[in-house]
Amino acid sequence: MKLSVGFIGAGNIAEAMISGLTKVEKDIQIRVTNQSNHERLQHLVAKYGIIATQLKELVENSGVLIIAVKPKNVVDVLKHLKNYPLGDKLIISVAAGIPLRLLNQYLPGVAVIRAMPNTSTAVLHSMTGLVRGENVTPEQTEIGEQIFSAVGKILWIPEEKMNALTAISGSGPAYFYLFIESLILAGVQLGLSEEEAETLVLETSIGAGKMIAESGKSPGRLRKEVTSPNGTTYAAISVFTEEKLAEIALKAAKACARRSEDMEGEYSV
């Protein structure tokens, strides 16, 4: 049976998921609706061969509804959805800071899953945290796993860990992009052209990622293997250590988790 998925919202995370799903799930029908931007919908239709539609048709023809709007707009979506029969539907929210209690408040008795993927779904390497609502059946659990396993790895967690997961994997790609941007800038300041610095940094980043993925060694071990005592790498690593990189990472992750927690309160009112 063909899996039918409807995206409510057509932003970056929706496109990343659509991009990943259309690469690996050939027996899938995807619909998308977005009230505010018709051009955006047409872009997705042209690029991925999906169906743009109104909310009513999307709900009627989709077994899985993925809420992929900005957190501030989730309540408006829920107010519309509660007017439709949703008894056999699986609702998945990928909006940050939206707790299950809010979804259950507007959609009582409906099967809901709270998910936190990241934009690496587009390249099939997302890390997605999932929280199962109490009305989700074993079959619907498998469907949720099928969707997110197709675009990366998944981890079922209790909801109290979702803010920590958001701080590490949900927002995590941006941290790496920032470091890469900073390293490119450093290369330019050392005398490389921007093109040269970008090539060097991007290929180094890809290689390091593949080493972590394929070598079977921990990041710590890999670091030690390329850090000779009192060598060039040691000189650079010493600066990161002296500047307390680990503490900076912790401070940033805590800020992200705290903001995620604050949003749960803001959007649950």
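See the structure shown above.
Before going into details, it helps to say that this report is about the structure given with it. (Residues numbered from 1 in each chain as written. Predicted model: local features only at pLDDT ≥ 70, side-chain atom pairs only at ≥ 80, totals over all residues. Heavy atoms only, no water.)

Once that is clear, we can look at the packing of aromatic side chains. How two aromatic rings sit relative to each other is set out by the distance from centre to centre and by the angle between their planes. All chains considered together, the criterion is met by one aromatic pair. A cation over an aromatic ring shows up here: Arg132 above the ring of Trp156, its NZ or CZ 4.2 Å from the ring centre. (Phe/Tyr/Trp six-rings, centres within 6.5 Å; stacked < 30°, edge-to-face > 60°. Lys NZ or Arg CZ within 6 Å of the ring centre and 35° of its normal.)

Here we come to the environment of Met211. With respect to the element layout, Met211 can be found in helix α9 (residues 194-214). Judged by its relative accessible area of 43%, Met211 is partly exposed. Along the chain, Met211 and Leu222 lie eleven residues apart, while their C-alpha atoms are 8.2 Å from each other. Each residue touching Met211, except ones within four places of it in the same chain, is listed here: Gly216 and Leu222. (Helix = DSSP H or I, 4+ residues; strand = E, 2+ residues; numbered from the N terminus. Buried < 20%, exposed > 50% of the residue type's maximum accessible area, 1.4 Å probe, protein only. Contact = heavy atoms within 4.5 Å.)

Right, let's talk about the pairing of strand β6 (residues 111-116) for a bit. In terms of burial, β6 is a largely internal element, six of the six residues being buried. Of the two faces of β6, the one carrying Ala111, Ile113 and Ala115 and the one carrying Val112, Arg114 and Met116 are both buried. Each parallel crossover has a hand, and the one from strand β5 (residues 90-93) via helix α5 (residues 100-106) to β6 is right-handed. Judged from the four bridges that link them, β6 and strand β7 (residues 126-132) form a sheet pairing that is antiparallel. If you follow Arg114 over to β7, its bridge partner there is Val131. (Right-handed = clockwise from strand over helix to strand, strands pointing away. Pairing = 2+ DSSP bridges.)

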